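# Fold and geometry: a report
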Amino acid sequence: MSRVMVDMLLEQGHPVRAFVRRDDERAQSLREAGAEVFVGDLLKFADVAAALKGVRRIYFSMSLSPYYADALTLMAAAARAQGDIEVFVNMSDYEQSYMTLEKMTTSDEERRSWLGGLVTDWSPQQRAHWVCEQVLDWSGIPTVNVRATLFVENPLMTWLPLGPLSNGELRLPFGNQRLAPIAVHDVAEVCVKMLVDPAPHISKSYELTGPELKDMYGFAEDYAAALGRQVAYIPEELEAWHEAFIDETFLQETLGDTAAQHVAARMRTLTRLVAGGRVRRRHRPTGNPARAPTADHAVGAAKQYSPARTGGCPEPRALRSRT
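The following refers to the structure shown. Just so you know, these numbers come straight off a predicted model, no measurement behind them.

The tally for this structure, following the rule as stated, stands at four aromatic pairs. With centroids separated by 4.9 Å and ring planes inclined at 85 degrees, the aromatic side chains of Tyr217 and Tyr233 adopt a geometry described as edge-to-face. Remark: Tyr233 occurs in strand S10 (residues 232–235) and Tyr217 occurs in helix H10 (residues 216–227); sequence separation between them is 16 residues. Classification of Tyr217 as partly exposed rests on a relative accessible area of 37%. Judged by its relative accessible area of 6%, Tyr233 falls in the buried class.

Of all hydrophobic cores here, the largest spans 28 residues; its most connected members are Val89, Val146, Val187 and Cys191. At seven residues, the largest contribution of residues to this core is made by helix H9 (residues 184–196). When neighbours within four sequence positions are excluded, Val89 is seen to be in contact with Ile58, Tyr59, Phe60, Val144, Val146, Cys191, Met194 and Leu195. Formed by 25 residues, the second largest nonpolar core is a distinct cluster that contains Phe38, Val48, Ala78 and Ala128.

All right, on to helix H3 (residues 45–52) then. Taken together, the buried positions of H3 are occupied by Val48, Ala51 and Leu52. What you see down the axis of H3 is that its buried residues fit within an arc of 95 degrees, all on one side. Among the residues trailing H3, Gly54 stands out with phi positive, at a value near 80 degrees.

This paragraph deals with the environment of Met75. Among the structural elements, Met75 can be located in helix H4 (residues 68–82). Taking the C-alpha atoms as reference points, Met75 and Ala51, 24 residues apart in sequence, are found 9.6 Å from one another.

Next up on the list: unusual backbone geometry. Located in the positive-phi region is Ser203, a residue other than glycine, with phi close to 70 degrees. Tracing the chain through its elements places Ser203 in the loop between H9 and strand S8 (204–208). For Ser203, a relative accessible area of 67% puts it in the exposed group.

Another aspect to go through is the pairing of strand S5 (residues 143–148). Counted residue by residue, S5 has six buried out of six residues, so it is predominantly covered. Pairing of strand S4 (residues 87–93) with S5, which is carried by six bridges, proceeds in the parallel orientation. Bridge pairing links Ser92 to Arg147 in S5. Pairing of S5 with S8, which is carried by five bridges, proceeds in the parallel orientation. Directly across from Val144, in S8, lies its bridge partner Lys204.

Cut-offs and rules
Residues numbered from 1 in each chain as written. Predicted model: local features only at pLDDT ≥ 70, side-chain atom pairs only at ≥ 80, totals over all residues. Heavy atoms only, no water. Phe/Tyr/Trp six-rings, centres within 6.5 Å; stacked < 30°, edge-to-face > 60°. Helix = DSSP H or I, 4+ residues; strand = E, 2+ residues; numbered from the N terminus. Buried < 20%, exposed > 50% of the residue type's maximum accessible area, 1.4 Å probe, protein only. Core = buried A, V, L, I, M, F, W, Y, C linked by side-chain atoms within 4.5 Å. Contact = heavy atoms within 4.5 Å. Arc of directions from axis to C-beta. Pairing = 2+ DSSP bridges.

As structure tokens, this is what we get:
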């Protein structure tokens, strides 16, 4: 999503500094597009402080990482020390909508009902996002939390179902739950608007969803229309689906041991939340309704991130854009 935002900001004539982890072809592409590129490590305070010099509006997002909270905390500390930050747009998680102080301090039974488990049951990434929102709140930095629901480009909606889809089946463990996935492009539009005109959004948190709420049977119909053949939704048992589709050995070969464990835990938590109805709450149309995320969009993303093209999993990105 960061690259989409960079392009939007540049098209509107805004200067952009992109914080990248490696000086590779993607970094060169950013330079060619007109962005200033800063190559550094989000876990090195000197790099983070140097990247922020002259910057007043920050967008922060990071791939799944055991050190997510560390990176955001360093960024917040550097931003606070600099003292002239106008807005810090934080890409958070939709689950945070449920993680209020009231909900977090009720009985164990009620917390399990609302949050899908206790704090110790959350994935490390889910905990990290919650901690990060607290850090930003305590920092006093003018912050906006963007809590997007499931992206239509998420592996759950794209390359994970590819095998069954080839047999005319959509196999997911979501029962009759309904979802309103949102397109990356639409979330990018919202974040860009916040960076360009931050004043109306300071100290707010936005729960963003796609414009249409539907169950998996409806998604199967969309996939059928996009693929030009019959597709039937086959509900799966949650733990059996985890065993069949979340292959930690494959993830370890692709991402390395530490990242693989983190990604696997996050995927399991996300599927449990979806299966329990925790990722739909309410739907609020955002972006351009004419570009509603459908299976056409998901199929396109699946082709982009298919195992044949990426080794099975899109490479985690460490791109941050600022204006």
